[in-house]
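The lines below spell out each chain.
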Amino acid sequence: MILLKSIPKIDKFINNKAFDGFSKELITKISKKIIENLRKDILENKIDSINEDILVFQVIEDYNNLIEPSLQTLINATGIIVHTNLGRSLINKKSLEKAIQIATSYNNLEYDLIEGKRGERYSHIVKTLQNLTGCEDAIVVNNNASAVFLILNTFTKNKEVLVSRGELVEIGGSFRVPEVMAQSGAILKEIGTTNKTHLADYENAINENTSMLMKVHKSNYSIEGFSSDVDFEDIVKTAQQNSVIDYYDMGSGHMIDLPFNLSQKEPSILEIMKYKPSLLSFSGDKLLGSVQAGIIIGKKELISKIKKNQLLRMLRVDKITLSILEDNLNSYLKNDLDDIPTLKMLFTSLETLENRANSLKEKIDTICTAQVLETQTLIGGGTTPNRKIPSFGVTISYKDFKPNKIEKLFRQNNLICRIENEKVLLDFRTIQENEIEQIAKIITKVFN
Ligand SMILES: *Cc1c(COP(=O)(O)O)cnc(C)c1O
């Protein structure tokens, strides 16, 4: 046990020159742990010598691992534009710069500059949403899940909400419509069957304890074949005839018509607003292409009631969210759709995607086997279930490397791709033009 005696004394050890410039507290904490482990290893006869340089190296390595930011940028080469695991919609730099100005300065978040008194946090986006959608009023909360919860909690506590059985969906991240409804205090009244729900199912189920007819976007699945559901237009009419609220949880929600004929099956917010609904809610960071938020638009009288719900205080958004959202909504108003990265990706022409794919191929042709091909991808985020959109990709193979191995090597360098037909594929629908050079560098690095 002579080794035990040569364990460095912590007080002396932490004064090693190699630790100059590091946080003394953190170095001490890590050093204690490493020396403690060393003592254990000696007692268990796992080591037969002590090298202080190695100990110092270990401490610095642990230190660096600890302060390394966990949240990192990566390249999305999956082709899925609204990828919830990869941060959903990108925010354009100009909008973020405006938000930086607001957030690093005092501002009129809840201050009425004209009257010189307390103002409304939500006022900053109401006028724009009114102009864009024709809604009477609007409110913004943390995300669309909050919006659903807040609406149900405000209007349907201990009252019946009619929902089609075909719409009792589970959305990624285990957001389950029936469970959210139960937690909000609503009494779920399922109507119709899984594949078919008729207007009469709503009409027959309405009674004096019914408070709402709710429609939920199916998001991540679709029923093909013998199926039908009721148009929201008819739900609105029936609700209004019976003096109950109609509400559509649109999920994604898009302000403009989508390309590739997607809008035939997926009407925009503006199309839905033609029916004069009581309430609509949608996500800020799905196809709207803005920041994480849940946007509620609808009748003034109903929005005022929501504003009085104490829950709103818990779900409210901050100045950074409001600033980015305001800027993005303004882009819609000005028709500057290039300022919305999600839309920009969605609308990029196939010709441009093919050119970009070819430019990557040229850069890496001598390093690996790269092939440009036309492919199809999904928008993602439960926006347009099972509807594929065209794209271009580059498949990568190298010697006898299995696709899984290449995928892992890429992933370790923050390049996320997909495997299709047993080949690694980089999909250009989501690759930004300025990332091509970076991808070439990663590929060169991993195959060298
Ligand atoms: C995505 C989605 C939600 C949840 O929205 P978040 O903004 O992720 O909270 C709720 N309902 C539907 C139908 C959705 O598609």
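Scoring rules and cut-offs
Residues numbered from 1 in each chain as written. Predicted model: local features only at pLDDT ≥ 70, side-chain atom pairs only at ≥ 80, totals over all residues. Heavy atoms only, no water. Pairing = 2+ DSSP bridges. Helix = DSSP H or I, 4+ residues; strand = E, 2+ residues; numbered from the N terminus. Axes fitted to C-alpha atoms, helices over the stretch in contact; angles between N-to-C directions. Contact = heavy atoms within 4.5 Å. Buried < 20%, exposed > 50% of the residue type's maximum accessible area, 1.4 Å probe, protein only. Arc of directions from axis to C-beta. Polar contact = N/O pair within 3.5 Å; in protein donor to acceptor, adjacent residues only side chain to side chain. Salt bridge = Lys/Arg side-chain N within 4 Å of Asp/Glu carboxyl O. Parallel < 35°, antiparallel > 145°, perpendicular 65-115°, else oblique. Left-handed = near helix turned anticlockwise from the far one by under 90°. Nonpolar A, V, L, I, M, F, W, Y, C, P; charged D, E, K, R; others polar. Near = heavy atom within 4 Å. Areas by Shrake-Rupley, 256 points an atom, 1.4 Å probe, with all protein chains shown as cover. UniProt positions renumbered as here; feature names shortened; annotations may be inferred.

A. Just the sheet that holds strand 17 (residues 423–427), in detail. Read from one edge to the other, the open sheet built from 4 strands follows the order 13-14-17-16, with strand pairing classed as antiparallel. On the outer flanks of this sheet lie strand 13 (369–378) and strand 16 (418–420), each paired with one strand and no other. Mean inter-strand twist for the sheet, computed between neighbouring axes without regard to direction, equals 45°. Bridge analysis of strand 14 (residues 388–397) against strand 17 gives 4 bridges, and the strand direction is antiparallel. Note that in strand 17 the partner of T395 across the bridge is L425. Across the face of the sheet, helix 16 (residues 350–364) comes into contact with strand 13, strand 14 and strand 17 while running at roughly 5° to strand 14.

B. Region of the structure containing helix 18 (residues 436–446). Every buried residue of helix 18 is accounted for by I436, I439, A440, I442, I443 and V446. In a view along the axis of helix 18, the buried residues occupy a sector of 160°, so they form one face of it. What points out from helix 18, more than 90 degrees from its buried face, is the exposed set K441 and K445. Those residues of helix 18 hidden inside the fold are in contact with strand 1 (75–76), helix 16, strand 14, helix 17 (403–411), strand 15 (415–416) and strand 17.

C. Here's a closer look at the environment of E435. Within the fold, E435 resides in the loop between strand 17 and helix 18. For the pair E435 and N76, spaced 359 residues apart in the sequence, the C-alpha separation amounts to 9.7 Å. In this view, E435 contacts L74, I75 and T430; residues no more than four positions away in its chain are not counted.

D. The side chain of H217, seen in detail. Mapped onto the elements of the fold, H217 is located in the loop between strand 9 (210–216) and helix 10 (232–241). Residue classification places H217 among the buried residues on the basis of a relative accessible area of 9%. A polar contact is formed between the side chain of H217 and the side chain of E266, at a distance of 2.8 Å. Ignoring any residue separated from it by four or fewer positions in sequence, one finds H217 in contact with V169, Y248, D249, M250, G251, E266, G382, T383 and P385.

E. A look at the pattern of salt bridges. Counting across every chain of the model gives 26 salt bridges. With a shortest N-O distance of 3.3 Å, D339 and K94 are connected by a salt bridge. Taken as a pair, D339 in the loop between helix 14 (319–333) and helix 15 (341–347) and K94 in helix 5 (residues 93–103) lie far apart in primary sequence, 245 residues in all. Since its relative accessible area comes to 18%, D339 is described here as buried. For K94, a relative accessible area of 48% translates into the label partly exposed. Each of the salt bridges in this network shares a partner with another, and the network as a whole consists of E110, R118, R121 and R316.

F. The packing of helix 3 (residues 24–43) against helix 4 (residues 52–67), seen in detail. Running from amino to carboxyl end, helix 3 crosses helix 4 at an angle of 130°, the nearest separation of the two axes being 9 Å. It follows from the interaxial angle that helix 3 and helix 4 lie oblique. When you trace helix 3 past helix 4, the crossing you get is right-handed. Of helix 4, the residues touching helix 3 (which contributes L26, I27, I30, S31, I34 and L38) are L55, Q58, V59, D62, Y63, L66 and I67. For the contact of helix 3 with helix 4, the class distribution of residues is 10 nonpolar, 2 polar and 1 charged.

G. Fine view of the site of the ligand. The environment of the ligand is formed by 13 residues, the closest being A145, S219, D249, S283 and K286. One nitrogen or oxygen atom from the side chain of S283 is found 2.6 Å from an oxygen atom belonging to the ligand. Protein contact buries 94% of the 380 Å² of open area that the ligand shows by itself. Those elements giving two or more residues to the shell around the ligand turn out to be helix 7 (144–155) and strand 10 (245–251). Looking at the shell around the ligand residue by residue, the classes come out as 4 nonpolar, 6 polar and 3 charged.

H. Structural detail: the UniProt feature "modified residue: N6-(pyridoxal phosphate)lysine" (unreviewed entry) in the chain. Under the present numbering, the feature "modified residue: N6-(pyridoxal phosphate)lysine" (unreviewed entry) in UniProt falls on K286. On the secondary structure map, K286 appears in the loop between strand 11 (279–283) and strand 12 (294–298).

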